Amino acid sequence: MSRTDAVTRILFEAFGAAEVRIFYLIGYAAIAVFFYGVYVQVRKYRRGAALVLDGGLWPRFGAMLSSLLSHRTIERRDRAAGAAHRLIFYGFMLLFAGTATITLQYDILEPLFGIRFWHGEFYLVFSLILDVAGVALIAGLLYMMYRRGWLELPKLDYARPDREPGDPDFNRPQYRREDWAFLWLLLIIACTGYVLEAARLVWLQDRAGVWDTRWWSPVGALLAQGMRALGLDAGSAGLLRHGLWWFHGLIALLLIALIPYTKVKHVFTSAASLMVRDPLAAQRLARIPESQPQPGAAKITDFNWKQLLNLDACTKCGRCHEACPARAVGAPLSPRDVILSLREFAQATLESGAIPAAAELDVHGKAPGQVAMETLWSCRTCMACVEICPVAVEHVPIIVQMRRKLVEDGAMDPLLTKTLQTIHKTGNSFGESKRKRGAWSKALPFPVKDARKQPVDVLWFVGDYASFDPRNQKVSQLFASLLHEAGVDFGILFDGESNAGNDVRRVGEEGLYEVLAQANVNALAGASFKSVVTTDPHSYNTIRNEYPDFGGKYEIEHYTTLAKRLFAEGRLQVTKPLKYRVTFHDPCHLGRFNKGYDSPRELLALLGCELIEMGRCRANSFCCGAGGGRIWVPDPVGAEKPAQNRMREAAAIPGLEVYVVSCPKDLTMFEDALKTTGNEGKFVVKELIELIREAVPARRGDAVPA
Amino acid sequence: MKILVAVKQVAALDEDFALRDDGRNVDPDFLIRDLNEWDDFSLEEAVKMKEAASQPVEVVAVSVGSGEVDESLRKCLAKGADRAVRIWDPAIEDSDSIAIARVLAAAARREAPDMMFAGVQSSDQSFASTGIAAAAFLGWPHAAVVSHLSYSPGATRAVLRRELEGGLLHEVEIQCPAVLTIQLGINTPRYASLRSIKQAAAKPIEVLSLADIGLGADEVGVAGSLSRVRRMYVPDRGRAQLIEGDAAQQAARLAEIIREFKGAAS
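How each quantity is defined
- Residues numbered from 1 in each chain as written.
- Chains lettered and ligands numbered in written order.
- Predicted model: local features only at pLDDT ≥ 70, side-chain atom pairs only at ≥ 80, totals over all residues.
- Helix = DSSP H or I, 4+ residues; strand = E, 2+ residues; numbered from the N terminus.
- Contact = placed C-beta atoms within 7 Å.
- Buried ≥ 20, exposed ≤ 12 C-beta atoms within 10 Å, placed from the backbone.
- Pairing = 2+ DSSP bridges.
- Axes fitted to C-alpha atoms, helices over the stretch in contact; angles between N-to-C directions.
- Arc of directions from axis to C-beta.
- Nonpolar A, V, L, I, M, F, W, Y, C, P; charged D, E, K, R; others polar.
- Expected span 1.5 Å × (residues − 1).
- Parallel < 35°, antiparallel > 145°, perpendicular 65-115°, else oblique.
- Left-handed = near helix turned anticlockwise from the far one by under 90°.
- Core = buried A, V, L, I, M, F, W, Y, C linked by C-beta atoms within 7 Å.
- Domains from an automatic or database assignment.
- pLDDT = per-residue confidence, 0-100.

Caption draft 1: The arrangement of the overall build of chain B in detail. What chain B contains, in helices and strands, is 7 helices and 11 strands. Within chain B, contacts between residues separated by at least 24 positions form 70% of all contacts whose residues are at least 6 apart in sequence.

Caption draft 2: Representation of the overall build of chain A within the structure. Helix and strand counts for chain A come out as 28 helices and 9 strands. Expressed as a percentage of its 706 residues, the buried residues of chain A come to 46%. Sequence separation of at least 24 residues holds for 82% of the intrachain contacts in chain A that already meet a minimum separation of 6.

Caption draft 3: Highlighting the sheet that holds strand S7 (residues 142-150) of chain B. All names here are of chain B. Taken in spatial order, the 9 strands make up an open sheet running S9-S8-S7-S10-S6-S1-S4-S5-S11, and their pairing is mixed. The open sheet is flanked by strand S9 (169-175) and strand S11 (205-208), the only strands paired with a single partner. On average, each strand axis in the sheet is tilted by 35° relative to the strand beside it, whichever way the strands run. Judged from the 5 bridges that link them, strand S4 (residues 58-64) and strand S5 (residues 83-87) form a sheet pairing that is parallel. The residue bridging Ala 61 from the neighbouring strand is Ala 84, located in S5.

Caption draft 4: Summary view of helix H24 (residues 559-568) of chain A. Residues and elements named next belong to chain A. All buried positions along H24 are accounted for by Tyr 559, Thr 560, Leu 562, Ala 563, Leu 566 and Phe 567. Projected onto a plane normal to the axis of H24, the buried residues spread over an arc of 160° and lie on a single side. On its buried face, H24 is in contact with helix H20 (470-485), strand S4 (531-534), strand S5 (556-558), helix H25 (598-607) and helix H28 (688-695). Just downstream of H24 lies Gly 570, where phi reads positive at about 80°.

Caption draft 5: The interface of chain A and chain B, seen in detail. Residue-level contacts link 16 residues of chain A with 10 residues of chain B. Elements represented by at least two residues in the side of chain A that touches chain B include exactly helix H17 (395-409), helix H18 (414-426) and helix H22 (510-525) of chain A. Here the residues of the side of chain A that touches chain B sort into 5 nonpolar, 5 polar and 6 charged.

Caption draft 6: A look at the environment of Gly 214 of chain B. Residue and element names in this part refer to chain B. Take Gly 214: it is sitting in the loop between S11 and helix H6 (221-224). Given 11 C-beta atoms within 10 Å, Gly 214 falls into the exposed group. Residues Gly 214 and Arg 110, 104 residues apart in the sequence, show an inter-C-alpha distance of 9.1 Å.

Caption draft 7: Structural context of the pairing of strand S1 (residues 2-6) of chain B. All names here are of chain B. Here S1 lies mainly inside the structure; 5 of its 5 residues are buried. Here S1 shows a buried face lined by Lys 2, Leu 4 and Ala 6 and a second buried face lined by Ile 3 and Val 5. For S1 and S4, the ladder comprises 5 bridges, and the chain directions are parallel. Bridge assignment links Ile 3 to a residue of S4, and that residue is Val 59. Pairing of S1 with strand S6 (residues 115-119), which is carried by 3 bridges, proceeds in the parallel orientation. Residue pairing across strands places Val 5 opposite Phe 117, the latter belonging to S6.

Caption draft 8: Molecular detail of helix H3 (residues 97-111) of chain B. Residue and element names in this part refer to chain B. Taking 1.5 Å per residue as the helical rise, H3 with its 15 residues ought to reach 21 Å, and the 21 Å between its terminal C-alpha atoms agrees with that figure. In terms of burial, H3 is a largely internal element, 11 of the 15 residues being buried. For H3, the complete set of buried residues consists of Ser 97, Ala 99, Ile 100, Ala 101, Arg 102, Val 103, Leu 104, Ala 105, Ala 106, Ala 107 and Ala 108. Residues of H3 that are buried make contact with S1, S4, S5, S6, helix H4 (130-138) and H6. Phi turns positive one or two residues past the end of H3, at Ala 112, with a value near 50°.

Caption draft 9: Region of interest: the packing of helix H10 (residues 266-275) of chain A against helix H11 (residues 305-313) of chain A. Residue and element names in this part refer to chain A. Interaxial distance between H10 and H11 falls to 8 Å at its minimum, and their mutual angle equals 130°. Between H10 and H11, the angle is such that the two are oblique. As for the relative orientation of H10 and H11, their crossing is left-handed in sense. Of H11, the residues touching H10 (which contributes His 266, Thr 269, Ser 270, Ala 272 and Ser 273) are Leu 309, Asn 310, Asp 312 and Ala 313.

Caption draft 10: Focus on the nonpolar core. In this structure, Phe 670 and Ile 692 of chain A together with Val 5, Ala 61, Val 103, Leu 104 and Ala 134 of chain B are the most contacted members of the largest nonpolar core, which totals 203 residues. Of the residues forming this core, the biggest block, 9 residues, is contributed by H3 of chain B. In terms of domain composition, this core takes at least three residues from each of domain 2 (427-558) and domain 3 (568-695) of chain A. Beyond its immediate chain neighbours, meaning those up to four positions away, Ala 61 of chain B contacts Val 5, Val 7, Leu 43, Leu 73, Cys 76, Ala 81 and Ala 84 of chain B.

Caption draft 11: Representation of the sheet that holds S4 of chain A. Residue and element names in this part refer to chain A. Overall, parallel pairing links the 5 strands, which are arranged S1-S3-S2-S4-S5 in an open sheet. Here the strands that pair on one side only, and so sit at the sheet edges, are strand S1 (449-450) and S5. Examined bridge by bridge, S4 and S5 share 3 bridges and lie parallel to one another. Across the sheet, Val 532 pairs through a bridge with Ile 556, a residue of S5. Running at roughly 85° to S5, H24 makes contact with S4 and S5 of the sheet.

Caption draft 12: Main features of the environment of Arg 214 of chain A. Residues and elements named next belong to chain A. Considering the arrangement of structural elements, one finds Arg 214 in the loop between helix H7 (208-211) and helix H8 (218-229). Under the C-beta neighbour-count criterion, Arg 214 is labelled buried, with 21 such atoms within 10 Å. With residues up to four places along the chain from it excluded, the contact list for Arg 214 reads Leu 201, Ala 221 and Ala 224.

Caption draft 13: Geometry of unusual backbone geometry. Along the chain, Cys 176 of chain B connects to Pro 177 of chain B via a cis peptide bond; the corresponding omega equals 0°. With respect to the secondary-structure elements, Pro 177 of chain B resides in the loop between S9 and strand S10 (179-182). Positive phi values are uncommon outside glycine, yet Arg 77 of chain A reaches one of about 55°. Structurally, Arg 77 of chain A can be placed in the loop between helix H3 (57-70) and helix H4 (79-113). Residue Arg 77 of chain A is classed as partly exposed on the basis of its C-beta count, with 15 C-beta atoms lying within 10 Å. Look at Ala 112 of chain B: it is not a glycine, yet its phi comes out positive at around 50°. Position of Ala 112 of chain B among the secondary structure elements: in the loop between H3 and S6. With 9 C-beta atoms packed within 10 Å, Ala 112 of chain B lands in the exposed category.

Caption draft 14: The domain arrangement of chain A, seen in detail. Under the domain assignment used here, chain A contains domain 1 (57-273), domain 2 (427-558) and domain 3 (568-695). Averaged C-alpha coordinates put domain 1 of chain A and domain 3 of chain A at centres separated by 47 Å.

Caption draft 15: Focus on the confidence of the model for chain B. Mean pLDDT for chain B: 92, with 99% of residues reaching 70 or above. For this predicted complex, the interface confidence score (ipTM) comes to 0.81, while the overall pTM stands at 0.91.

Caption draft 16: View of the packing of H20 of chain A against H28 of chain A. All names here are of chain A. Put simply, H20 and H28 touch, their axes get as near as 9 Å, and they point 45° apart. Taken together, the axes of H20 and H28 lie oblique to each other. Read as a crossing pair, H20 and H28 show a hand that is left-handed. Contacts between H20 and H28 pair Val 475, Leu 478, Phe 479 and Leu 482 from the former with Ile 689, Glu 690, Ile 692 and Arg 693 from the latter. In the contact of H20 with H28, the residues fall into 6 nonpolar, no polar and 2 charged.

Caption draft 17: Summary view of the environment of Ser 621 of chain A. Residues and elements named next belong to chain A. Assignment of secondary structure puts Ser 621 in the loop between strand S7 (610-611) and helix H26 (642-651). Remark: the alpha-carbon pair of Ser 621 and Lys 576, spanning 45 residues in sequence, is separated by 30 Å. Residues within four places of Ser 621 in sequence aside, it is in contact with His 585, Asp 586, Cys 588, Gly 591, Arg 592 and Arg 616.

Shown next, in the form of C-alpha cells:
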C-alpha cells in the first residue's frame, strides 16, 4: 500500500462481512422508505388541478439556484436567521456531498470501473472542508435553537388568530415538537460525526497514514487529543468508534428516510416552489378556464399541483404572519395559517391510496384544516405575504380562488353584495350615473378632451375614486391643471370608462371583472392615444398586468413617473420649494405590486421636502386596509383598522408635517384614520399631486377654483 | 309542484332626466333598468322552498314586457328559477296594473302552479295592486305584505305572517293555490354572480303572445285598463331657506318674509 493510498477515509474497517451486509440492508430500506414517501407526495400534487407553466425549465432552475445559493430571500427582514440558515445549508450540503462522493467511489466507480480518487491530498483537503462544514452546521443549529428557545419571536408563535384557544388546531404543539426534533437530530448527527472521527483517530493512532494527517480534521483531532488526555486507549476507542459508527449511521439513514414525511421535506419542496415561482402571482390573477364547471376552489383538488406544492414548501418562518396587515390588527387571518391549514387538509385527504369522496374534500368551513369565510374575507390582497415569502408561496391567488367560490355562493358581507350589484348596474362603485364620471372636469378653466372623439397623446384613465369621490375630485382637478400647464396633450374617456375591476377581481367576482375589463378594453380601442396614465395604482395594476389577457396591451404609467419626466424636461418647474418634513406611504399596488418605489421619493426630493421613512416602507409598506374590495366592507367596530395602525406609526415621527400618499383610496382611508386616531391638527394627509401643485404655483387664470 | 313568481323589470331615474314628448312618462333614454327589489325577495323565497323541498319543485319566473325584460329574467334564472316566461304583444303597451294582472292571471292559468308569488309593489310605479288583482282574476285567495311564510310545496294550506300598521303582525292560514305578495326582508336574496348570469343566458326564455294565453287585444293596453296616466311632472320645489345672521337680523328677515307673504295673499 503506497503512502497516498493509505491516507484515506476508514470505512468498514474491523466490520464483519455480515455486519456490512446488515448495514447495506438497512441503508436500502431507508432509501426505499424515502422513495415511497416521495411517491406519495408526488401523487398528492398530481391529484391537484392541471397547470401548464410558461417559461423554460432551465431559466426557472437558474433562478431557483440563484435564490438558494445566495440565500437572498431567506435573509430578508431576518438577517440573523438568514445567516444561520446559510451556515446550516452550506454545512449540510458539503457534508452530504462528502458522503455522496464516498458512496460514488466505494459503491459505484471502484467496484465497476476500478476508479479510486478518495485518497491522498484530495482526501485530506476534503476532510478539512468537511470538518469546517460541520462547525458551520453546528453553529447554525445552535443559533436556531437559541432563536426558538429564547428569543420568543412572535412570528414563531404558532397560535392562530383564526382559532380560539382550546380548538384542536389552535397552536399546534406538534409543530413545535417537530421543529425541535429536527434541530436535535441534525445536531446529534453532526456531533456524533466529530466524536466518531476522534474515536477513529485514537483507535488508529499507531497508523501513520491516519494519525500524522490528523490535523486535516482539526475538530476531530482536537477531540482526539482530549480523549487521549482523558486516558482513552486505542482498544476502547475502537469499541467506541464501532458503536458510534452504527449510531451515527443509523440516525443519518433515519433522517433520509424521514425526509418526505416531515418538515425535512422542505429541502425539496421549497426549492421546487422557488423554481415554479410566478413573479406576477398577485399582480396578474389567473382567469377561470372555460372548461371549469365551478369557479374558484371548493375542494382541495381544485387547487393546481403548483399550489399544493406551495403548501408543502412553507417552512413556518412566519414572515408573512408578521407582514400581514389583517393579522396586525387582530383580524382572524394569518396567511401562514391559511397555508398550513390547507397543507394539513391536503395531507389528511390526498396522501392515502384513494381520494376520499368529494364531500370530504371541501376546504371551506371551520373544522380543522378548513378555512373559514371570515378568514378569507379579512384579506386585503396587499401582497405583503407573497412578497416576503422566502420560498415563493403564493398566498393571494389561493385566497382569491377560495373567495371566487364564496362569491358564487353569495357568502359575503351584504354591503359587498350591494356594491358588486351597483358596479354591475352603473359601472362604478359609487352608484353614480355613468354620465357623471367626467363631471369633475367641468370645474376646470379649460376643457378636457374627450379621448373618444379626438386623438390625444396621453389617455388618462381616471378610475372610480378619482372620478366620483369629492375629496379625490379636487386632486384630479389639480393633476389636470398640471398636465395642462405642462402642455401635455391629454384626454379622458368620460362615461366610456368603467371601474377598472382590479378590486372586483380580487374580491373574487371574476365574471364581473371580465365584463369590466372587456368594457374598458373596448372603450380604449375606440380612442386614439399613445400612452395611458393614471393616478390610481389599482387601475394601474390591472391595466398594466391583467388587461393584456383581455387583448388590451398599452404603454401605461403611474402619474409619478410622468410627473418626474415633466420636471426633467423642464415642462414643470419648482418655483416655490416646500420645506415640509414628510413621510411617504407606498401604495401596495404601486410599490409592492409594480415596484414603483423610487419616482414618488425622487419627486419629494425635487419639491424640497425632507423625507423621513417609516419603519415599514417600500416592499414592507403597510396596507391602508382598502385592498381586495375591503374598502367596500366595514371593518369590525371597536377593533383597530389597518389605516389607524399606520397613522400611529407615522405619528411617531417627530415633527412630521405631511403624510404623503399617491393613491386615491389611500387619501380616503388615511384622512379618516387621521381623525379617528386623534392626530388631526398634528400633521396632514396629502396627495403627492397636491404637494406638486403647491410647489409649482398655477399661472394666473389657470388656477382650479377651490 | 310548481311555484310561479311574477317579476317586473323596473326603471330607476338617472341623474338628469327628461320627460317623454307626450309628457306622460320619462324618456326611456334616462332610465336604468333592473329587477324590482321586492321580486328579488319573492324569487328567493320560491328558490329557498325548492331547495328545502323533498320532492321536485319547479320555479317559474314570469314577466310582462318586451325583449329588454329578458335581462331581468336571466337574473332570475341565474338565481335558481328553472324556467322563465315572458309575455309580450305591442297591444300590452300602456296597460295599467289591472291589465297587467289580467295577463299574469292568464299566464298562471296556463302554468297551473301550486302557489304564486309577487312583490308587494314595484319600486317605479308603486301601485301595489298587480299581485292582488291577479288573485282576483284567478279567483284565488291572496295575502298581501307577507313577511314570513311556512309552506311546503304541494300542501293544501300555507301559514303566513303579514305586516300590519303599528308593528302588529297578522298570522294567516290560507288555502292554496293562493297569490302572496312578498315583503322586503322576508329572506336574504342571494347574489347572482356574473358567471351564473352568463350561464343563464344559455337557458331559453319562453316568449308567449296574447293568443298563447288566450287573451284578446281589447283586454290589455288602454282598452283593458281601469286607469290612465294623464301627465307626469316634477312639482315646483319648496322654497325652504336657512336665515343667517344674529338673532336681530334673523328676526328682521323673518318679518320681511311674512310681510311678503301677506302682501302676496292680499
